[in-house]
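Each chain, written out:
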Amino acid sequence: MTQPTPTTPAKGTYRIMAARSAVRFQTNHLFGLTNVAGTFAIRSGHIVIATPVTASTATVSIDAASFTTHNRRRDAAVRSAKFLDTAHHPDITFTSHGARRYGNQWLVHGDLTVRATTRPVELTIEHLQTRDDELRAQVTALIDRYAFGLTKSKAITARYLNLILEVTAIHS
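A quick note: this is a predicted structure, and the numbers were derived from the prediction, not measured.

*Asks:* What am I meant to see in the layout of surface pockets here?
*Replies:* Once rolled over the atoms, a probe with the size of a water molecule shows which space is left empty. Its volume calculated, the largest pocket comes out at about 760 Å³. Surrounding the largest pocket, 35 residues form its lining, Phe25, Phe67, Val78, Phe83 and Leu161 being those nearest its centre. Counting residues per element, the lining of the largest pocket draws most heavily on strand S2 (residues 22–29), which supplies 5 residues. Grouping the amino acids of the lining of the largest pocket by side-chain chemistry returns 25 nonpolar, 6 polar and 4 charged.

The following block contains the structure:
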C-alpha cells in the first residue's frame, strides 16, 4: 500500500503550538511480553518551509520531565539519574538538517539530543495537512535508546522506542 504524498505547506516559518502537540511512544516491557505506551510534552519549536522544500528545517524542544506512562514508579525511575536524568538534562531536542523524498514518503533527517548525547535520526512524515495558516503533521521514528547511553534494565525494557510526533504549528 502506498501512502499519499503530503502537500507542501506555504513557505515561511511556523511556530509549534506546544499545547496542541505531543510526542507519543511505545516500547516493550518485561522481556517483550507487554507493551508500554506514554507521552512527552513539547516545550517549543518551529518549522521553516524553504525553497527548495528539501532545505526545510525544524527544531523541537521536548520537556524530558514530562515523561509519563501513568505508572508513577516507572515514570520516576525513567526521570531519575539512571535514565533521563531530567534534573540535569531537562530538554530533549531535535534539530533537522533538511528533508528528502524516498519513494512516496518524505524523510526528515537531523540530530536528536538526549542526556547530552547527540545522534543522527531520521523521521518519516506519515501525515501532513495544511489549512489556512495552520500546519498539522504526524511524524514517526524508531529510536535506539542504547545509542544515547540509556542502557539500564536491558533485560526488562526494550532497546527500541517507536515515536509518534503529533505537531500543530501556526504560520508566523
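Still more to cover.
*Asks:* Honestly, the pattern of salt bridges in this entry has me stumped. Any pointers?
*Replies:* Oppositely charged side chains may form a pair once their charged atoms are brought near each other. A full pass over the atoms with the stated rule returns 7 salt bridges. The salt bridge partner of Arg20 is Glu134, with a shortest N-O separation of 2.9 Å. With a gap of 114 residues between them, Arg20 in the loop between strand S1 (12–16) and S2 and Glu134 in strand S8 (residues 134–144) connect regions that are remote in the sequence. By relative accessible area, which is 43% here, Arg20 ends up partly exposed. The partner of Asp144 in a salt bridge is Arg159, with the nearest N and O atoms 2.8 Å apart. With a gap of 15 residues between them, Asp144 in strand S8 and Arg159 in the loop between S8 and strand S9 (160–171) connect regions that are remote in the sequence. The class of Asp144 is buried, set by a relative accessible area of 18%. For Arg159, a relative accessible area of 35% puts it in the partly exposed group. Members of the salt-bridge network, linked through shared partners, are Arg20, Glu134 and Arg136.

Rules of the game
Residues numbered from 1 in each chain as written. Predicted model: local features only at pLDDT ≥ 70, side-chain atom pairs only at ≥ 80, totals over all residues. Heavy atoms only, no water. 1 Å grid on protein atoms, 1.4 Å probe; cavity = no way out; pocket = protein on both sides within 12 Å on 5 of 7 lines; lining within 4 Å. Points joined across faces, edges and corners; volume = space filled by probe spheres on them. Helix = DSSP H or I, 4+ residues; strand = E, 2+ residues; numbered from the N terminus. Nonpolar A, V, L, I, M, F, W, Y, C, P; charged D, E, K, R; others polar. Salt bridge = Lys/Arg side-chain N within 4 Å of Asp/Glu carboxyl O. Buried < 20%, exposed > 50% of the residue type's maximum accessible area, 1.4 Å probe, protein only.

Note that every value here comes from positions in space, so none of it alone points to a role or purpose.
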